[in-house]
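The primary structure of each chain is shown beneath.
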Amino acid sequence: MHIGCPKEIKPQEFRVGLTPNAAHEAISHGHQVSVETDAGLGAGFPDDDYIAAGAQILGSAAEVFAAADMIVKVKEPQPVERKMLREGQILFTYLHLAPDPDQTRDLMESGATCIAYETVTDNRGGLPLLAPMSEVAGRLAPQVGAWTLQKANGGRGVLMGGVPGVGPARVVVIGGGVVGTHAARIAAGMGADVTVLDRYLPRLRYLDDVFGGTFKTSYASAGNTVDLAREADLIIGAVLVPGAAAPKLISRAQLAELKPGAALVDVAIDQGGCFETSKATTHENPVYEVDGIMHYCVANMPGAVARTSTIALGNATMPFMLALADKGWRQACTDDPYLLEGLNVHAGRVTYAAVGDALGIDVLSPDLALKG
Ligand SMILES: NC(=O)C1=CN([C@@H]2O[C@H](COP(=O)(O)OP(=O)(O)OC[C@H]3O[C@@H](n4cnc5c(N)ncnc54)[C@H](O)[C@@H]3O)[C@@H](O)[C@H]2O)C=CC1
Ligand SMILES: CC(=O)C(=O)O
Ligand SMILES: [Mg+2]
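Residues numbered from 1 in each chain as written. Chains lettered and ligands numbered in written order. Predicted model: local features only at pLDDT ≥ 70, side-chain atom pairs only at ≥ 80, totals over all residues. Heavy atoms only, no water.

Draft legend 1. Focus on unusual backbone geometry. One non-glycine residue, His96, adopts positive backbone phi at about 50°. Positionally, His96 belongs in the loop between β5 (90-93) and α5 (101-110). Relative accessible area serves as the criterion here: at 7%, His96 is assigned to the buried category. For Asp291, which is not a glycine, the phi torsion comes out positive at approximately 50°. As for its position among the elements, Asp291 is in the loop between β12 (287-290) and β13 (293-296). Owing to a relative accessible area of 42%, Asp291 belongs among the partly exposed residues under this scheme. (Helix = DSSP H or I, 4+ residues; strand = E, 2+ residues; numbered from the N terminus. Buried < 20%, exposed > 50% of the residue type's maximum accessible area, 1.4 Å probe, protein only.)

Draft legend 2. Region of interest: the site of ligand 2. Taken together, Arg15, Lys75, Tyr94, His96, Leu130, Met133, Asp270, Ala299, Asn300 and Pro302 make up all the residues around ligand 2. The contact in question runs from an oxygen atom of ligand 2 to an N or O atom on the side chain of Arg15, over 2.7 Å. Here an oxygen atom of ligand 2 and a side-chain polar atom of His96 are 2.7 Å apart. For ligand 2, whose accessible area on its own is 210 Å², the fraction buried by protein is 95%. Of the residues contributing to the shell around ligand 2, the split by class is five nonpolar, two polar and three charged. Residues from two domains meet in the shell around ligand 2; each of domain 1 (2-119 + 306-371) and domain 2 (131-299) gives at least three. (Near = heavy atom within 4 Å. Polar contact = N/O pair within 3.5 Å; in protein donor to acceptor, adjacent residues only side chain to side chain. Areas by Shrake-Rupley, 256 points an atom, 1.4 Å probe, with all protein chains shown as cover. Nonpolar A, V, L, I, M, F, W, Y, C, P; charged D, E, K, R; others polar. Domains from an automatic or database assignment.)

Draft legend 3. Region of the structure containing the site of ligand 1. As a matter of local geometry, ligand 1 sits amid 28 residues, with Ser134, Val179, Asp198, Asp270 and Met301 nearest to it. Within the side chain of Ser134, a nitrogen or oxygen atom sits 2.7 Å from an oxygen atom of ligand 1. In this structure, Val178 approaches ligand 1 through a main-chain N or O atom, which is 3.0 Å from an oxygen atom. Protein coverage of the free-state accessible area of ligand 1, which is 870 Å², stands at 89%. Elements with a minimum of two residues in the shell around ligand 1: α6 (131-148) and α7 (178-189). A total of three residues in the shell around ligand 1 trace back to one element, the largest contributor, which is α6. Class assignment for the residues of the shell around ligand 1 results in 18 nonpolar, seven polar and three charged.

Draft legend 4. Spatial organisation of the coordination of the magnesium ion (ligand 3). Coordination sphere of the magnesium ion (ligand 3), protein contribution only: Lys75 (NZ) and Ala299 (O), at 2.1 to 2.5 Å. Of the two residues, Lys75 is situated in the loop between β4 (70-72) and α4 (79-82) and Ala299 in the loop between β13 and α11 (306-335); the sequence distance between them amounts to 224 residues. Ala299 shares its class with Lys75; the two are buried. (Donors = N, O, S within 2.8 Å, 3.2 Å for Na, K, Ca; no water.)

From the geometry alone we can't say anything about function, so treat these as descriptive.
Right under this line is the structure:
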């Protein structure tokens, strides 16, 4: 198979979909790899590293899209990239379609087979291709939250760890999955007073068993969430209903009850965000204020630490990328039902139920797509 990797074009996105190591493995499996010039530069991988791995470097994204049977990326394709996809081509990347009707329509029109990293599952109920970026974004969230809390950035002027004689910041993390757990660990490590909320009691039991001395847990009823939010300096949104639009857990009206200058870091923004007032921002201009509350809503947080993130993502995607290349998508998804869960769009149809529900689009079952 011919595998193509274009340079990412989302603002301030420095990750790349294929590492030189992944390119080398694909080539050793008998595949051809084309990489757009400078695609890996932002993550510290110059063209020469890909050439040494046996890949060819092409001068433009258009050439990569035209040559490849499968496009491997990081971020959802931008409008200009969507126009370059074609019927029968495989797209393997993050998509986040539920809050994005325009992208969904364009992918349907392209006729391509689009497999979303964020909905591939595993045999333990996890999301193995979302997890590495959730680890990164979770660990970044207290760091960017601490920055947002600084007075010059519009925040309350509260130091995460406090100092002797002055108490620490209160941090509330809503959602105790991968993002939430990593965020809570780092925030606690910075000396903050941390509480994690989740609606799934077994998860709260697990967190209490493992991290009981490090942070507190609480059940995410609407009442508890608002009570804790009122006392918080920093609130981190980390909920996920896989593939679906994020539930709104703090309304605009409730902002009036928060402390002036409190910071909201909405990591769930890629699924639409879990605060009513969240709208996606970029690394260039990451924060904005609504009713005296600072919002940080960057939808590609891991791009800020592109080298760590590229290597972590590549470690996770490589076996799936190789299976798709070795077997073709139909056989790979027939052999691996967890990979089939990643199928979001195929030949003009949406194939993921939560995306169809969110956007009011008829869904073709992935099993029928496999046969079709
Ligand atoms: N902005 C960014 O750059 C990035 C965003 N993300 C996003 O972060 C979000 C969280 O991802 P993960 O932690 O990997 O998901 P996860 O599935 O590991 O954890 C989500 C948790 O939310 C809980 N939850 C669901 N509904 C809830 C509710 N109403 N109240 C409280 N808890 C609720 C679930 O029980 C689960 O424990 C996703 O939207 C993901 O796409 C991930 C990486 C980067
Ligand atoms: C998960 C995701 O959207 C990201 O890493 O940018
Ligand atoms: Mg994202």
